[in-house]
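# Coordinate inspection notes
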Amino acid sequence: MSASETNNGFNPADVQGNILRGYRYGRVRHVMLEIVNARLARGWLSATVSGVEGVPPITTEEHWDVKPDSCFNIAFTVHGLRALGVSKASLRTFPDEFVEGMDAQAVKLGDTGTSAPDHWPAPFDDTAKIHMIASIHADDVEHLDRVEGLIPGSGEYQAFKILGARDGWNFNGDYVHFNYHDNISQPRFVGIHDRDRFPDKQPLAPLGSMLMGYETEYEGLLWTIPQPDALGRNGSYNAFRVLAQDVEAFETYLDKAATYLLTDPMADELLPPGDEEKIGPGMSRHAALREVVAAKMCGRWRNGVPLAQSPDTPNPSKKVSLTDLDYTHGDRCPYGAHTRRANPRGGKIVQRAANHTRRVVRRGIPYGDPFDPAKPDGKERGLLGNFLCANLAAQFEALMCDWINLGLQDPRITGCNDPLLGANHPETSWFDIPLPSGKVIHLEGLPRLVHVRGGAYTFLSLIHI
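Residues numbered from 1 in each chain as written. Predicted model: local features only at pLDDT ≥ 70, side-chain atom pairs only at ≥ 80, totals over all residues. Heavy atoms only, no water.

When its secondary structure is counted, the chain shows 13 helices and 12 strands. Evaluated residue by residue, the chain yields a buried proportion of 55% over its 465 residues. In the chain, 70% of the contacts between residues at least 6 apart in sequence involve partners at least 24 apart. Accessible surface, the chain as shown: approximately 19700 Å² in total, 52% of it carbon and sulfur. (Helix = DSSP H or I, 4+ residues; strand = E, 2+ residues; numbered from the N terminus. Buried < 20%, exposed > 50% of the residue type's maximum accessible area, 1.4 Å probe, protein only. Contact = heavy atoms within 4.5 Å. Areas by Shrake-Rupley, 256 points an atom, 1.4 Å probe, with all protein chains shown as cover.)

So this is what it looks like as structure tokens:
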């Protein structure tokens, strides 16, 4: 980092959209592109910024009165910037982790075993060829197809080679394949969001936690802006991840855990006999214990109600906020629960100064058909995830390594991985559920539930070339 005066000249027209505020479309298509003609590519990219008929304009942070039929964004890998002719001197001003790429950080991120880059399918099996990722957001396939058709990927004026595409779509509202309500809690930004509209005990995040050139959580310090200034300022880094979710393994593990708890006397404190109706009407004890374990693993009930607000039921008698909460003792939300590990909020952690410094913006959408437990099909399904931040090493990588996969924020969970997202192995994995009495239910044998199927580090910037 370098010390500098904070730049307060924020202009939403200088920032790509979907970073500070989400689009909320029902579908997305991420198109992986290789630059095959740098001159034509530069001309076409300039047209996406300046606005030329027949070229999809890059959507910015500017406010719209009428929601457009589609939104369009472009992110560049280091290989793409190099292919466009960005100088070596300029590339040296980007941080090492971006230049080296996501695949080089595999061990740090927990991308090992079946999630290792040498198991990634095309086009992620050769990340050096992925120069750009174009993202199209719309509510129907027709608009996705129309915008993709405007990318010059064939014919006389071919600028790019389309290496592949990944489609995602919402189903059943904002639920993901593990059947949790998602897209609930995101950072809100100073000068962008009205705290009264988004009640949350977390402080508003400074723009510099997402964008280059603005105040960060660290007083008097800014992240170094890649040069030239027109390239780096107002840019944001993104960790694009294709995350396959093993829903069958997840549901099987819940069955196994609930069966074990039926024999554990401490389960009567976790779920007092007779309280099954609080979990769901007509639920058996086994079914209710499954949902309690699912909630403890996540930190929220599957309908999104946080354990910190309602530890005993997903259907509290009084309405509770899904975002205005904090963490105290682990008998409400376990110290090792996914939401608490990923964002400890104001809870006590070892790295006390880091509580609010590793927040990332998550823009995720499912891919693949919903899982039907009555008809297991073996098909891949999961999440297309974008994890946006101003510094990959200090935010995304530190989050994945220190908190998700090592549990360094609390000695009570150090040595175990995140129960949902972590690089677990049944032989060594464990998850603790603290009880109000001080006793702890110790669960073992968690399988790896999320497998990485590809990804890339990218940089989002309005590049005038």
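After that view of the structure, there is still more to cover.
Here we take up unusual backbone geometry. With omega at 5°, the peptide bond leading from A122 into P123 counts as cis. Secondary-structure assignment places P123 in the loop between α5 (106–109) and β4 (132–138). Cis rather than trans, the peptide bond between Q227 and P228 has omega equal to 0°. Tracing the backbone shows P228 in the loop between β6 (221–222) and α7 (229–232).

What follows concerns the side chain of T216. Positionally, T216 belongs in the loop between β5 (160–169) and β6. The exposure class of T216 is buried, given its relative accessible area of 3%. A polar side-chain atom of T216 sits 3.0 Å from the main-chain amide nitrogen of Y218. (Polar contact = N/O pair within 3.5 Å; in protein donor to acceptor, adjacent residues only side chain to side chain.)

The full count for this structure, using the stated rule, is 24 salt bridges. We note a salt bridge from E397 to K108, for which the minimum N-O separation is 3.0 Å. Placement of the pair is E397 in helix α13 (residues 392–405) and K108 in helix α5, with a sequence separation of 289 residues. On the accessibility criterion, E397 (1% relative accessible area) is buried. For K108, a relative accessible area of 36% translates into the label partly exposed. (Salt bridge = Lys/Arg side-chain N within 4 Å of Asp/Glu carboxyl O.)

In this section: the environment of S321. Within the secondary structure, S321 sits in the loop between α11 (285–298) and α12 (338–342). With 217 residues separating them along the chain, S321 and A104 place their C-alpha atoms 40 Å apart. Discounting residues that sit within four places of it in the chain, S321 has contacts with P199, P306 and Q309. At 3.1 Å, the side chain of S321 and the backbone nitrogen of T323 are in polar contact. Among the polar contacts made by the side chain of S321, one reaches the main-chain amide nitrogen of D324 at a distance of 2.8 Å.

Glancing now at the packing of aromatic side chains. Within this structure, the stated rule accounts for 16 aromatic pairs. On the numbers, 6.2 Å between centres and 35° between planes, the contact of F124 with F240 is tilted. Of this pair, F124 sits in the loop between α5 and β4 while F240 sits in strand β7 (residues 236–245), and the two are 116 residues apart along the sequence. Look at F124 and you get buried, because its relative accessible area is 2%. The structure contains a cluster of three or more aromatic residues connected by ring pairs, namely F94, F98, Y237 and F459. Residue placement shows R188 over the ring face of F198; its charged tip is 3.9 Å from the ring centre. Across from the ring centre of Y180, 6.0 Å away, lies the NZ or CZ of R302, which sits over that ring. (Phe/Tyr/Trp six-rings, centres within 6.5 Å; stacked < 30°, edge-to-face > 60°. Lys NZ or Arg CZ within 6 Å of the ring centre and 35° of its normal.)

Among the nonpolar cores identified, the biggest contains 111 residues, and F72, F98, F160, F250, M297, F396 and L443 are the most heavily contacted of them. Once residues lying within four places of it in the same chain are set aside, the contact partners of F98 are F76, T77, V78, L81, Y237, L392, Y457, T458 and F459. I19, F189, V361 and L388 belong to the second-largest nonpolar core, a separate cluster that totals 13 residues. (Core = buried A, V, L, I, M, F, W, Y, C linked by side-chain atoms within 4.5 Å.)

Burial within strand β2 (residues 27–35) is extensive, with eight of its nine residues counted as buried. Across seven bridges, β2 lies against β4 in antiparallel orientation. Counted as the bridge partner of R27 is A138 from β4. In this sheet, β5 lies alongside β2 in antiparallel orientation, the contact comprising nine bridges. Within β5, the residue paired with R27 across the bridge is W169. (Pairing = 2+ DSSP bridges.)

This part takes up the packing of helix α8 (residues 247–261) against α11. α11 packs onto α8 with a crossing angle of 115° between their chain directions and a minimal axis gap of 8 Å. Every pair of crossing elements has a handedness; the one defined by α8 and α11 is right-handed. Listed contacts from α11 to F250, E251, Y253, L254, D255, A257, A258, T259 and L261 of α8 are H286, L289, R290, V293, A294 and M297. (Axes fitted to C-alpha atoms, helices over the stretch in contact; angles between N-to-C directions. Left-handed = near helix turned anticlockwise from the far one by under 90°.)

Moving on: the pairing of β4. Most of β4 sits inside the fold, with seven of its seven residues counted as buried. Residue alternation in β4 divides its side chains into two sets, M132, A134, I136 and A138 and I133, S135 and H137, and both sets are buried. Pairing of strand β3 (residues 70–76) with β4, which is carried by seven bridges, proceeds in the antiparallel orientation. Opposite S70, over in β4, you have A138 as the bridge partner.

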